[in-house]
Amino acid sequence: MNETQDRGQWNNKLGFLMAVVGSAVGLGNIWRYPYLLYKDGGGAFLLPYFVAIITAGIPLVLLEYGFGHKFRGSAPLSYTRANRKFEWIGWVPAFASMVILSYYCVILSWAFNYLVKSFNFGWTSNPNDYFFGEFLKLSDGPFDFSHFNWSIVIGIVIIWTINWYYTYRGVSSGIEKVNRFLMPTLVVIMIIIVIRGVTLEGATAGLNALFTPQFDKLTNIRVWLDAYGQVFFSLSLAMGALITYSSYLPRKTDLNNSAFITAFANCGFEFLSAIGVFGILGYMATQQGVPIDDVVTQSVGLAFVAFPQVLLLMGPFWGKLMGVLFFTSLIFAGITSSLSLIETFTSSFIDKTGAERKKVATIAGLIGLATSLMYATGAGLYLLDIIDHYINAYVIVSLGMVEAILIGWVVGASKMREHSNAISYIRIGSWWEIMIKFVTPAVLGLMLVLSVIDEIQKGYEGYPTAALLVFGVLMVATLLVLGIIMRSRPWHNPETVKYSGFEHDYYKLEQKL
Ligand code: PHE
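Given the structure is predicted, the values throughout are model-derived calculations rather than measurements.

The rules behind each value
Residues numbered from 1 in each chain as written. Predicted model: local features only at pLDDT ≥ 70, side-chain atom pairs only at ≥ 80, totals over all residues. Heavy atoms only, no water. 1 Å grid on protein atoms, 1.4 Å probe; cavity = no way out; pocket = protein on both sides within 12 Å on 5 of 7 lines; lining within 4 Å. Points joined across faces, edges and corners; volume = space filled by probe spheres on them. Helix = DSSP H or I, 4+ residues; strand = E, 2+ residues; numbered from the N terminus. Nonpolar A, V, L, I, M, F, W, Y, C, P; charged D, E, K, R; others polar. Contact = heavy atoms within 4.5 Å. Axes fitted to C-alpha atoms, helices over the stretch in contact; angles between N-to-C directions. Parallel < 35°, antiparallel > 145°, perpendicular 65-115°, else oblique. Left-handed = near helix turned anticlockwise from the far one by under 90°. Phe/Tyr/Trp six-rings, centres within 6.5 Å; stacked < 30°, edge-to-face > 60°. Buried < 20%, exposed > 50% of the residue type's maximum accessible area, 1.4 Å probe, protein only.

Draft legend 1. Inspection of empty space enclosed by the protein at higher detail. The full count for this structure, using the stated rule, is 6 cavities of 30 Å³ or more. Reported here for the largest cavity is a volume of approximately 150 Å³. Ser23, Phe233, Ser236, Ser337 and Leu341 are the residues nearest the centre of the largest cavity, which is lined by 17 residues in total. Broken down by secondary-structure element, the contributors of at least two residues to the lining of the largest cavity are α2 (13–24), α3 (27–39), α6 (87–118), α11 (221–234) and α15 (316–353). For the lining of the largest cavity, the residue count by class is 9 nonpolar, 8 polar and no charged. What the second largest cavity holds in volume is close to 60 Å³. Lining the second largest cavity we find Ala75, Tyr79, Ile89, Pro93, Ala238, Met239, Gly240, Ile243, Leu399 and Glu403. Those elements giving two or more residues to the lining of the second largest cavity turn out to be α5 (75–82), α6 and α17 (380–423). Tallied by class, the residues present in the lining of the second largest cavity amount to 8 nonpolar, 1 polar and 1 charged.

Written out as structure tokens, the structure is:
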């Protein structure tokens, strides 16, 4: 099948694993997880977290790998091949990926700036005022676009150039190659950070705070919503990234085993960074003689305010070294994730229009760059916060639910299970079908309803309703409209959509030969 060759293919399974783990391990792990774990009940958060992994995380990773592999296409192509009516559902994640990327790259630009600042502690002796004032130039509200920070712009241009370059180079000689270098390096850097973190004076205070379970938090519904949101974002679920990446696998490959490896590696990395971060915060609390609560701030604050403060306390040698390592780890983890997001968009357009990868990657890079610039204004942090909230609370969760229902019921969970089991060493049992058809959709549906109720009652973080409507609701509506518009456009080659997926009989046949 020539088509496979044209779309690109991983060199081997290790390359694929590096890329999917690269997609999963990102800002969500280093930046958001430690803070959530602490805020939502320390050790007790592990319960909702594991429930979310078991009821939605692992079943959906297995599903997406099987789906992308069977139908061998980007999200829109795979959905179309499964059933013509579903095409538009595949386009929503393709566009939503670009929305996530637009702000994801901005955080990476901040990290890039802070990496440079690590060499001379450029965040002054008051990192809080510096970050929000001088650096972000935070304006009065989400509609106040005054100020423009040029150093953030430079960072954005650099990050988008990297994204563009590796996407332009293609699957095996671009994405796979860079992941093979960045992922092992990231693990080494993280291990150094953790070892240094836990050997600091007072580290145990931080770890105790992190892992002391506060079981009363489990009755709070927000904690459960956070756990599902975290698992989805962190495992790169429902955004088409895993479907796209598994479509580049060769015919014979162990899908199920790869799914478990991805989930465990991502989870392991999350623990690792939580331990590192809290060891360091424990040191800070001890040095300043304050309770640990006082030093733990929100996710943005954790990396760009609390961390710089600790680095100052560590003195010139360790402080600068740890700063360089920490911000490098954010950038490495973030780049491998953003590559999977841009690839989701790029591959969708390549499949649909038949245009050359180089051309599509360049257009995607330019659109991405232009949208990211919006966040380099004084309103950037507000926009980022609102858009991220809507993507996580609504877009990703609904896409996950729709995916489980459509693939589970219409395409057929048993057909998908048969497909994956036929080529995998570990066979998944009928429990998986029950998860995909009943448990996952039910849990996600419930989460969605609860999110809506919570939002109607409390709004979000005190933002004006107009801002939530424009940047949240309107943004989500635009994604749906774009999906419908794309569906109305013809495929460049009508033959491509006729393909109905690999049949498992093929493998049986091959085994006999
Ligand atoms: N998983 C990435 C992270 O943890 C983010 C991501 C989401 C990447 C969706 C791809 C698709 O940061």
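Draft legend 2. Spotlight on the environment of arginine 180. Position of arginine 180 among the secondary structure elements: in helix α9 (residues 171–198). For the pair arginine 180 and serine 247, spaced 67 residues apart in sequence, the C-alpha separation works out to 19 Å. Setting aside residues up to four positions removed in sequence, arginine 180 forms contacts with Asn12, Leu14, Gly15 and Met18.

Draft legend 3. Examining the packing of helix α8 (residues 150–169) against helix α16 (residues 357–373) more closely. In contact at an axis separation of 9 Å, α8 and α16 are set at 160 degrees when each is read in the N-to-C sense. By the angle between their directions, the pair α8 and α16 is classed as roughly antiparallel. For α8 against α16, the interelement crossing comes out right-handed. Contact residues: α8 offers Val153, Ile156, Val157, Trp160, Trp164, Thr167 and Tyr168, while α16 offers Arg357, Lys358, Ala361, Thr362, Ala364, Gly365, Gly368, Leu369, Ser372 and Leu373.

Draft legend 4. Structural detail: the packing of aromatic side chains. The full count for this structure, using the stated rule, is 47 aromatic pairs. On the basis of an interplanar angle of 50 degrees and a centroid distance of 5.1 Å, the ring pair of tyrosine 33 and tyrosine 49 is categorised as tilted. Residue tyrosine 33 is found in helix α3, and its partner tyrosine 49 is found in helix α4 (residues 46–71); the two are separated by 16 residues along the sequence. Per residue, the accessibility class of tyrosine 33 equals that of tyrosine 49, and both read buried.

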